[in-house]
2 protein chains.
Amino acid sequence: MSNFFYPRQPEWTARGQALEPVLNHETILPATEVECVADPAAWQGVAVKPAASPDAAMADFFQFRTFRFDFGRHLVGRLELELEYTRCNDAPVRIVAKFAETPYELAADFDGCTAHLDHSWLQRETLIFDEAPEGTVRLPRRYAFRYLELKLGSPNYHTRLKAVRAVAETSAGTLLPAPANLTDAEKAIDRIAAATLRDCMQSVFEDGPKRDRRLWIGDLWMQAKVNARTFRNFELVERSLYLAAACCTQEGELPGSILLRGGAGRLANLLPTYALLLGPILLDHWQFYRRTEFCRELLPVALRQQELFRQWIDAEGVLHQPPKCWLFIDHDQQWLKPATAALGVYCFSLRATARLMQFLGAEGAENVLAEAEELSAKLRARLWDEAHGLMRTDGQENDFAWATQAWLILGEVPTPEQAEAMWNNARSNPEVRRPRSPYLWSVVMEAGWRIGHTDEVRQFIRDYWGGMVERGADTFWEVYLPDQPFFSSYGDILMNSTCHAWSCIPGDFLRRTE
Amino acid sequence: MSNFFYPRQPEWTARGQALEPVLNHETILPATEVECVADPAAWQGVAVKPAASPDAAMADFFQFRTFRFDFGRHLVGRLELELEYTRCNDAPVRIVAKFAETPYELAADFDGCTAHLDHSWLQRETLIFDEAPEGTVRLPRRYAFRYLELKLGSPNYHTRLKAVRAVAETSAGTLLPAPANLTDAEKAIDRIAAATLRDCMQSVFEDGPKRDRRLWIGDLWMQAKVNARTFRNFELVERSLYLAAACCTQEGELPGSILLRGGAGRLANLLPTYALLLGPILLDHWQFYRRTEFCRELLPVALRQQELFRQWIDAEGVLHQPPKCWLFIDHDQQWLKPATAALGVYCFSLRATARLMQFLGAEGAENVLAEAEELSAKLRARLWDEAHGLMRTDGQENDFAWATQAWLILGEVPTPEQAEAMWNNARSNPEVRRPRSPYLWSVVMEAGWRIGHTDEVRQFIRDYWGGMVERGADTFWEVYLPDQPFFSSYGDILMNSTCHAWSCIPGDFLRRTE
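This is a predicted model, so every value here is computed, not measured.

Turning our attention to the side chain of A:Arg213. Mapped onto the secondary structure, A:Arg213 falls in the loop between helix 4 (184–200) and strand 9 (215–216). Contacts of A:Arg213, omitting those with residues within four sequence positions, involve A:Trp121, A:Arg141, A:Arg142, A:Glu206, A:Asp207, A:Gly208 and B:Asp130.

Structure representation (structure tokens):
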């Protein structure tokens, strides 16, 4: 049985591969040697402080030594070092390197990690050389880090760590300047948002360069928006979309995420709430880059996602869980029933795709729009809670959720008056379940922005993303719950990524002029 | 300033390199999956017992798994494995391999090692692959082991360890059959002695393929003797000697040991008690292989070692410690004063070299022999203790040592009657300090054999080497003190080598026909 998009899928792989980016490299020397200190005032209880000047670090040593370096910024790339020996080394040379994005990670014992994801994500490397290496030693993999711990042994001879340097890698190029009207606090947020995107821009747009390291369609939606206002590497957007589209299932389902393996994409999972975002992504891409041919080429993929999703919606506009799929809305799976928000995603997808079709001159836009209107009317009728001025969530009739309000607003399900009420009531009612991830907070902000609450969105950015800045962020985090420094979805904070694409959205909002 | 043997030394390097052996390879599958159990009756308190059939080991697994395999014999070589996954692997693949020569090593926690040598000698390897490896994974280095512990993690998918195999390497070829008259116990000792030599025969004769992995002249003396009766790879003897001679100091001192670095030798240390053995090694080589040209070529190096040593002996025949040198006699540095035994080494060297010169038709043999006689007379006069029937040790006049008796007998310092008395008195007097290393025991046996106590030597082999066999030896150990299972010269038994060249000498004695 051939794939739904056969023979387009092999072509898309080839087109994606042809757009493989040339990475930009920057050599970065450690800013200083540091030590970790327990500090109750610090985020996660650990601070780093300068331990010695880099010159002292480079002095020779005997026996065993542990070095801890701070490179002064988060980076993604390679590590190189050079060693010198006072005499012919009579034992193998062992280099143990541990890479950390945060002070806590630098101080932690990886062996005690309790995460249920593969501990191979923890960034450490042990190299043993039978013959003492002369010249540059280049560690074999790519790492995401600001801090480095190096353990070297030298029991029989003096060794000198002659040089340590990182070579940062990114497919991001020159950063457009930020608007002049930003406050200093906003400038810092914008700079860190751009750094976050920069470090996630590799061979494709990755979600987190330390952990997961894959292309997610939901993250890409945000990355592409920030990219359009910062680095403008539109070829990387197209490459990412080609490689993802090439991984559609036999039924034509776009993956929720793909892994890059052997230079091509491989389907990692199915996630309709992300696959439905293809239409909106193509709309943004057309608006920023006007690539009509590219958008026409992938429009059938966007439409196919809607076709597949439609079959799970009954005549009353109720969504039934599609089999073998994950309806991801937020890192809140235990509490949140995602079906209603997913219907908002669907309406958002229909309306954006209809608009794209109008721009492209494609036939059928009216039908798509008509479906969105019809479904919106059903949802309004079924979900509106007049007493609270909020939309209900299917299966959670006594609770209200930001997820539902935000996605239904984006799907233009409520009337403008309802949308205004939902926004204000959700903000003022502490009982409304708040987002757990920066991803859903970003969706909330997009919803607020679209109904004109731009000042409140900017204030939220200053509060939430500014909170990460105050807590020492070099790049924005996968998870940030201000009162839960150790929250992790993976059983251990060591598994969290602290440079995560879905947190880069301030680089879009703060640079918007429209 | 040119080197003493310039321009011969670069020539010797080239000649040694031209003799680089082709290694023989043998694929070995694990005999069984095992587990470690505490067992007070076992040597070092740990036994292994079968845990499951290899088929069960190869079943797929989920989460994290530790495998422990027994390859059924000691081997030196590479490890290869193959993995299979039930679906596209979404995390890096980490392979942690630990290699062990003994059950104790397999069970031990390497992180708790207290040795003062570089812990890089502990054989473990951590490989992390960003993309799940397909096909054969070959670990990067050479390992010496019988047991293997493999740790694999697979939290999100089922993984199957499809294959594990070792590829043994040695430059030993076909083993000559053992004499038919050996007892079963002697046959076992002979087999294990040959296995010990086999696993130390690599690019050169190594002392221990797990730890140290270098060429020592003292070990080579024994290895060459056993090699002549087992594998008869005489080219490897010549290669080893060429590479060592090429590393002579500017003064012409032959190294006590060399390291192989970049395909050539590098001086590791100076050890006159080993350098003096070059003459005896050449004599053996000539007697076994009749390579007159080769022996003529290196004779000047042997003579130069004597010339250099001679200057530290005063008119009374007392040896003064040569500066910057180590007079190694036994792993007993804290107790044993080595000067007297070293004079025995010197006399042994002089006499063997004089004999070699006679065979080669080289001039000056009489002078060398005359010096040996003159020095022997002085030593007899100064050291003989009539009351005990033993030779005294300079600096330890109230103690007697096997080291002194053995080396003086080999140097033909005592009269035949004195030698006979020394042998018998040292055997019967428990106050005589016994050897601590198989190396010195081997010297003792050579001394006994030369004065006709061949049955006692064979009995000692059955007792001492047979003791290692009873305690589970696959190859003979660097250190064996029957009542001290955890004795180490390095601060931790984990650093000991249990396949060590200087313990292979039964492969010579048990096969002697003369």
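All names here are of chain B. Taking 1.5 Å per residue as the helical rise, helix 8 (residues 278–289) with its 12 residues ought to reach 16 Å, and the 16 Å between its terminal C-alpha atoms agrees with that figure. Judged by how many residues are buried, helix 8 sits mostly within the fold: 9 of 12 residues are covered. Those residues of helix 8 that sit buried are Leu278, Gly279, Pro280, Ile281, Leu282, Leu283, Asp284, His285 and Trp286. Against the buried residues of helix 8 lie helix 5 (217–229), helix 6 (234–245), helix 7 (272–275), helix 9 (292–310) and helix 10 (339–360). Trailing helix 8 by a residue or two, Arg290 shows a phi angle of about 55 degrees, which is positive.

Residue and element names in this part refer to chain B. With antiparallel pairing, 3 strands are arranged side by side in an open sheet as 9-10-11. Single-partner strands in this sheet number two, and they are strand 9 (215–216) and strand 11 (264–269). Both strand 9 and strand 10 (residues 257–261) contribute to a ladder of 2 bridges, which runs antiparallel. If you follow Trp216 over to strand 10, its bridge partner there is Ser257. Packed onto the sheet, helix 6 meets strand 9, strand 10 and strand 11 and runs at close to 95 degrees relative to strand 10.

Going through the model one piece at a time under the given rule, you end up with 0 disulfides over all chains. The thiol sulfur of A:Cys295 is not disulfide-bonded, and the nearest other cysteine sulfur, from A:Cys248, lies at 16 Å. Judged by relative accessible area, A:Cys295 falls into the buried class, the value being 0%. In this model B:Cys36 remains outside any disulfide bridge; the closest cysteine sulfur is found in B:Cys113, 17 Å from its own. Relative accessible area serves as the criterion here: at 25%, B:Cys36 is assigned to the partly exposed category.

The next subject is the pattern of salt bridges. Residues and elements named next belong to chain A. In total, this model carries 88 salt bridges over all chains according to the counting rule given. A salt bridge links Glu169 to Arg78, with the nearest nitrogen and oxygen atoms 2.8 Å apart. Taken together, the residues span a long stretch of sequence, with Glu169 in strand 8 (residues 143–170) and Arg78 in strand 4 (residues 60–85) at a distance of 91 residues. Three or more residues are tied together by salt bridges with common partners; here these are Glu80, Glu82, Glu84, Arg138, Arg160, Lys162 and Arg165.

A word on the interface of chain B and chain A. Contacts between chain B and chain A engage 36 residues on the former and 36 residues on the latter. Taken over both partners, the interface formed by chain B and chain A buries close to 3,200 Å², and the fraction arising from carbon and sulfur atoms is 45%. The tally of links from chain B across to chain A stands at 8 salt bridges. A salt bridge links A:Asp90 to B:Arg214; the shortest N-O distance between them is 3.1 Å. Taken together, the connections running from chain B to chain A amount to 10 residue pairs in polar contact (both at pLDDT 80 or more). Those elements giving two or more residues to the side of chain B that touches chain A turn out to be strand 5 (93–100), strand 6 (124–129), strand 8 (143–170), strand 10 and strand 11 of chain B. Here the side of chain B that touches chain A takes 5 residues from strand 8 of chain B, the largest share from any one element. Split by residue class, the side of chain B that touches chain A holds 13 nonpolar, 9 polar and 14 charged.

A few words now on the nonpolar core. Ranked by size, the top nonpolar core spans 119 residues in total, and within it B:Trp221, B:Leu277, B:Trp407, B:Tyr439 and B:Trp465 carry the most contacts. Counting residues per element, this core draws most heavily on helix 10 of chain B, at 14 residues. Ignoring sequence-local partners within four residues, the contact set of B:Leu277 consists of B:Ile217, B:Gly218, B:Trp221, B:Val345, B:Phe348, B:Trp407 and B:Tyr439. In this structure, A:Ile281, A:Leu319, A:Leu360 and A:Trp502 belong to the second largest nonpolar core, which totals 118 residues.

This part is about the relation of the copies chain B and chain A. In summary, the two copies of the chain are related to each other by a rotation about an axis coupled with a shift along it. With an RMSD of 0.0 Å, the operation that places chain B on chain A is a rotation of 180 degrees combined with a shift of 0.0 Å along the axis. Here the transformation between the copies is reduced to the relation of a two-fold axis. Judged by C-alpha distance, B:Thr126 is the residue of chain B that lies nearest the rotation axis, at 3.1 Å. Both copies contact each other with a shared surface, as 100% of the interface residues of chain B are interface residues in chain A too.

With that out of the way, let us pick up unusual backbone geometry. Between A:Tyr6 and the following residue, A:Pro7, the backbone shows a cis peptide bond with an omega angle of 0 degrees. You can see A:Pro7 is positioned in the segment before helix 1 (8–18). A positive phi angle is found at B:Asp212, which is not glycine, with a value near 95 degrees. Along the polypeptide, B:Asp212 turns up in the loop between helix 4 (184–200) and strand 9. By relative accessible area, B:Asp212 is classed as buried at 10%. Backbone geometry places B:Glu412, a non-glycine residue, at a positive phi of 55 degrees. For B:Glu412, the position within the fold is in the loop between helix 12 (402–410) and helix 13 (416–428).

All names here are of chain A. Relative to each other, helix 5 (residues 217–229) and helix 6 (residues 234–245) sit at 165 degrees, their axes nearing to 10 Å. On the basis of their axis angle, the class for helix 5 and helix 6 is roughly antiparallel. Taken as a pair, helix 5 and helix 6 cross one another with a handedness that is left-handed. Judged by residue contacts, Ile217, Leu220, Ala224, Asn227 and Ala228 of helix 5 engage Phe234, Val237, Ser240, Leu241 and Ala244 from helix 6. In the contact of helix 5 with helix 6, the residues fall into 8 nonpolar, 2 polar and no charged.

This brings us to the packing of helix 1 of chain A against helix 6 of chain A. Residues and elements named next belong to chain A. Running from N to C, helix 1 and helix 6 point in directions that differ by 150 degrees, and their axes come no closer than 8 Å. Here helix 1 is positioned roughly antiparallel relative to helix 6, judged by the angle of their axes. Between helix 1 and helix 6 the crossing geometry is left-handed. Contacts between helix 1 and helix 6 involve Gln9, Trp12, Thr13, Arg15, Gly16 and Gln17 from the first element and Arg239, Tyr242, Leu243 and Ala245 from the second.

Considering all chains together, one arrives at 68 aromatic pairs over all chains under this definition. Residues A:Trp221 and A:Trp407 carry aromatic rings whose centres are separated by 5.7 Å and whose planes lie at 25 degrees to one another, so their mutual orientation is stacked. Here A:Trp221 is found in helix 5, whereas its partner A:Trp407 is found in helix 12 (residues 402–410), with 186 residues between them in sequence. An identical accessibility class is assigned to A:Trp221 and A:Trp407; each is buried. Here the aromatic cluster, defined as three or more aromatic residues joined through ring pairs, consists of A:Trp43, A:Trp441, A:Phe460, A:Tyr464, A:Trp465, A:Trp477 and A:Tyr480. Just above the ring of A:Phe4 sits the side chain of A:Arg304; from NZ or CZ to the centre is 4.0 Å. Across the ring face of B:Trp286, the terminal group of B:Arg290 is positioned such that the distance to the ring centre comes to 4.3 Å.

Residues and elements named next belong to chain B. Here helix 14 (residues 438–450) is 13 residues long and its end C-alpha atoms lie 18 Å apart, about the 18 Å a rise of 1.5 Å per residue gives. The buried count for helix 14 comes to 12 of 13 residues, which makes it a mostly enclosed element. Here the buried face of helix 14 lies against helix 5, helix 7, helix 12, helix 13, helix 15 (454–470) and helix 16 (506–509). Phi turns positive, to about 95 degrees, at Gly452, one or two residues after helix 14.

Turning next to the confidence of the model for chain A. Residues at a pLDDT of 70 or more form 99% of chain A, whose mean pLDDT is 96. Here the predicted complex carries an ipTM of 0.93, next to a pTM of 0.94.

Residues and elements named next belong to chain B. Pairing analysis gives 2 bridges linking strand 2 (residues 32–38) to strand 4 (residues 60–85), with the strands arranged antiparallel. Considered in strand 4, the bridge of Glu33 is made with Phe69. Of the pairings in the sheet, the one linking strand 4 to strand 8 comprises 22 bridges and is antiparallel in character. Bridge analysis of strand 4 against strand 7 (residues 136–138) gives 3 bridges, and the strand direction is antiparallel. Bridge pairing links Glu82 to Thr136 in strand 7.

Conventions and cut-offs
- Residues numbered from 1 in each chain as written.
- Chains lettered and ligands numbered in written order.
- Predicted model: local features only at pLDDT ≥ 70, side-chain atom pairs only at ≥ 80, totals over all residues.
- Heavy atoms only, no water.
- Helix = DSSP H or I, 4+ residues; strand = E, 2+ residues; numbered from the N terminus.
- Contact = heavy atoms within 4.5 Å.
- Expected span 1.5 Å × (residues − 1).
- Buried < 20%, exposed > 50% of the residue type's maximum accessible area, 1.4 Å probe, protein only.
- Pairing = 2+ DSSP bridges.
- Axes fitted to C-alpha atoms, helices over the stretch in contact; angles between N-to-C directions.
- Disulfide = S-S within 2.5 Å.
- Salt bridge = Lys/Arg side-chain N within 4 Å of Asp/Glu carboxyl O.
- Buried area = accessible area lost by both parts, 1.4 Å probe.
- Polar contact = N/O pair within 3.5 Å; in protein donor to acceptor, adjacent residues only side chain to side chain.
- Nonpolar A, V, L, I, M, F, W, Y, C, P; charged D, E, K, R; others polar.
- Core = buried A, V, L, I, M, F, W, Y, C linked by side-chain atoms within 4.5 Å.
- Least-squares fit on C-alpha atoms with pLDDT ≥ 70 in both.
- Parallel < 35°, antiparallel > 145°, perpendicular 65-115°, else oblique.
- Left-handed = near helix turned anticlockwise from the far one by under 90°.
- Phe/Tyr/Trp six-rings, centres within 6.5 Å; stacked < 30°, edge-to-face > 60°.
- Lys NZ or Arg CZ within 6 Å of the ring centre and 35° of its normal.
- pLDDT = per-residue confidence, 0-100.

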